[in-house]
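# Notes for the structure review
Residues per chain, in single letters:
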Amino acid sequence: STEPFSWESYLKETSSMPASPSCFRQSRVPPTNDFIVGMKVEAHDPRNSPSVCIATVMGLMGVRLRLRLDGSDNTNDFWRLVDSSDIQPVGTCERGGDMLQPPLGFRMNASSWPLFLLRTLSGAEVAPASAFKKEPPKPPLNYFKPGMKLEAVDKKNPYLICPATIGDMRGDKIFVTFDGWRGAFDYWCKYDSRDIFPVGWCQLTNHSLQPPGSSFPLPKAVIPALCPPASSRRSMQSPYRLPHPLPPLPVRKGVRGRRPKSQTI
Ligand code: MLZ
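Residues numbered from 1 in each chain as written. Predicted model: local features only at pLDDT ≥ 70, side-chain atom pairs only at ≥ 80, totals over all residues. Heavy atoms only, no water.

### Description of unusual backbone geometry
The phi dihedral of Ser15 falls on the positive side, at around 35°, and the residue is not glycine. Tracing the chain through its elements places Ser15 in the loop between α1 (7-13) and β1 (40-45). The backbone phi angle of Asn206 is positive, close to 65°, even though this residue is not glycine. Mapped onto the fold, Asn206 is located in the segment after α4 (201-205). The class for Asn206 is exposed, based on a relative accessible area of 67%. (Helix = DSSP H or I, 4+ residues; strand = E, 2+ residues; numbered from the N terminus. Buried < 20%, exposed > 50% of the residue type's maximum accessible area, 1.4 Å probe, protein only.)

### Notes on the side chain of Glu151
Its location among the elements puts Glu151 in strand β6 (residues 149-153). For the buried Glu151, no salt bridge is present, and the opposite-charge side chain at shortest range is Arg64, 9.8 Å distant. Among the polar contacts made by the side chain of Glu151, one reaches the main-chain amide nitrogen of Gly200 at a distance of 2.8 Å. Setting aside its immediate chain neighbours within four residues, Glu151 contacts Trp7, Ile161, Cys162, Asp195, Ile196, Phe197, Pro198, Val199, Gly200, Trp201, Cys202 and Leu209. (Lys, Arg positive; Asp, Glu negative; His and termini not counted. Salt bridge = Lys/Arg side-chain N within 4 Å of Asp/Glu carboxyl O. Polar contact = N/O pair within 3.5 Å; in protein donor to acceptor, adjacent residues only side chain to side chain. Contact = heavy atoms within 4.5 Å.)

### A closer look at the pairing of strand β8 (residues 173-178)
Every regular strand shows the same layout, with side chains that alternate between the two sheet faces. With 5 of 6 residues buried, β8 is to be regarded as a mostly interior element. Pairing analysis gives 6 bridges linking strand β7 (residues 161-170) to β8, with the strands arranged antiparallel. Paired with Thr165 across the strands is Thr177, a residue of β8. Between β7 and the antiparallel strand that follows it, β8, lie 2 residues; Gly171 among them carries a positive phi value of about 65°. Sheet analysis places β8 next to strand β9 (residues 187-190), joined by 4 bridges and oriented antiparallel. Each residue of the ladder has a partner; that of Ile174, found in β9, is Cys189. (Pairing = 2+ DSSP bridges.)

### Comments concerning the pattern of salt bridges
It is possible for side chains of opposite charge to pair when their charged atoms get near one another. One pass over the full model with this rule turns up 11 salt bridges. Measuring nitrogen to oxygen at the nearest pair gives 3.0 Å for the salt bridge that ties Lys133 to Asp34. In this pair, Lys133 is assigned in the loop between α3 (113-121) and β6 and Asp34 in the loop between α1 and β1, connecting sequence segments 99 residues apart. For Lys155, the salt bridge identified is with Asp195, shortest N-O distance 3.1 Å. Of this pair, Lys155 sits in the loop between β6 and β7 while Asp195 sits in the loop between β9 and β10 (196-197); the two residues are 40 residues apart in sequence, bridging distant segments of the chain. According to the relative accessible area criterion, Lys155 is partly exposed, its value standing at 41%. Within the structure, one salt-bridge network assembled from shared partners comprises Arg25, Asp83, Glu135 and Arg194.

### Observations concerning the sheet that holds strand β4 (residues 78-81)
Across a sheet, paired strands are connected by hydrogen bonds in the backbone, their directions being either parallel or antiparallel. Read across the open sheet, the 5 strands follow the order β4-β3-β2-β1-β5; overall the sheet is antiparallel. Of all the strands in the sheet, just β4 and β5 (87-88) have a single pairing partner and so form its edges. Here strand β3 (residues 64-69) pairs with β4 via 4 bridges, running antiparallel. Paired with Arg66 across the strands is Trp79, a residue of β4.

### Thoughts on the environment of Gly105
Secondary-structure assignment places Gly105 in the loop between α2 (92-95) and α3. When the C-alpha positions of Gly105 and Ala184 are compared, they lie 29 Å apart, and in sequence the two are 79 residues distant.

The values are spatial; any link to function lies outside them.
As structure tokens, this is what we get:
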């Protein structure tokens, strides 16, 4: 039987500390999500960020929106917080004297964009200005330290928020390492990224939180017999518990971004 993931027990098991909420560019009191699926918004094109496009809310999770640029395909959906500065009410662009742009990879001939836009917006339900929340300010400094725990968006599977550890830092950048995934999903980002959250954020905002992966780093002197053959290694699926009993986990603080891959299972 696998118990659901609990930060309280996990922090104890790993004798680790959560990063303080003051490290993050997130509201202390998360905003409410007042969007509804189907509503239109203006959004910066993630693949061409100066350009502002029309997007449709395809889904909601916690205080995040799943967005699709109108005229784009269904394989480039992206997620934004309701208090992201990348989204704004329909009409904002025009009021500022700018023009709405077709998304990168517009499905049709560029010459059909004006008519496409007209048809897209006529009779559409637009999200009310009150649904867009003000983006919180950046913390003045990078307060993160290696070993601190957090919740972070998996950029390869951006609908997922997962338990993570600060692996390293360099100036205003931090290295986000995903617990139990052997480095496959780790990334560098700015300390004020909107994709990282304090421990407890998912629970607070009703977002699902993935449990840590099942691949743990092993101690330096690995007994070969304990290593299953490569063919029986865990795939990149994520049951929280290991399939076979293993010796107690070594506690290794702050080195997860630099662990030697050959010594993990
Ligand atoms: N099973 C999927 C999702 C992995 C999610 C990991 N998150 C840190 C995969 O292997 O891609």
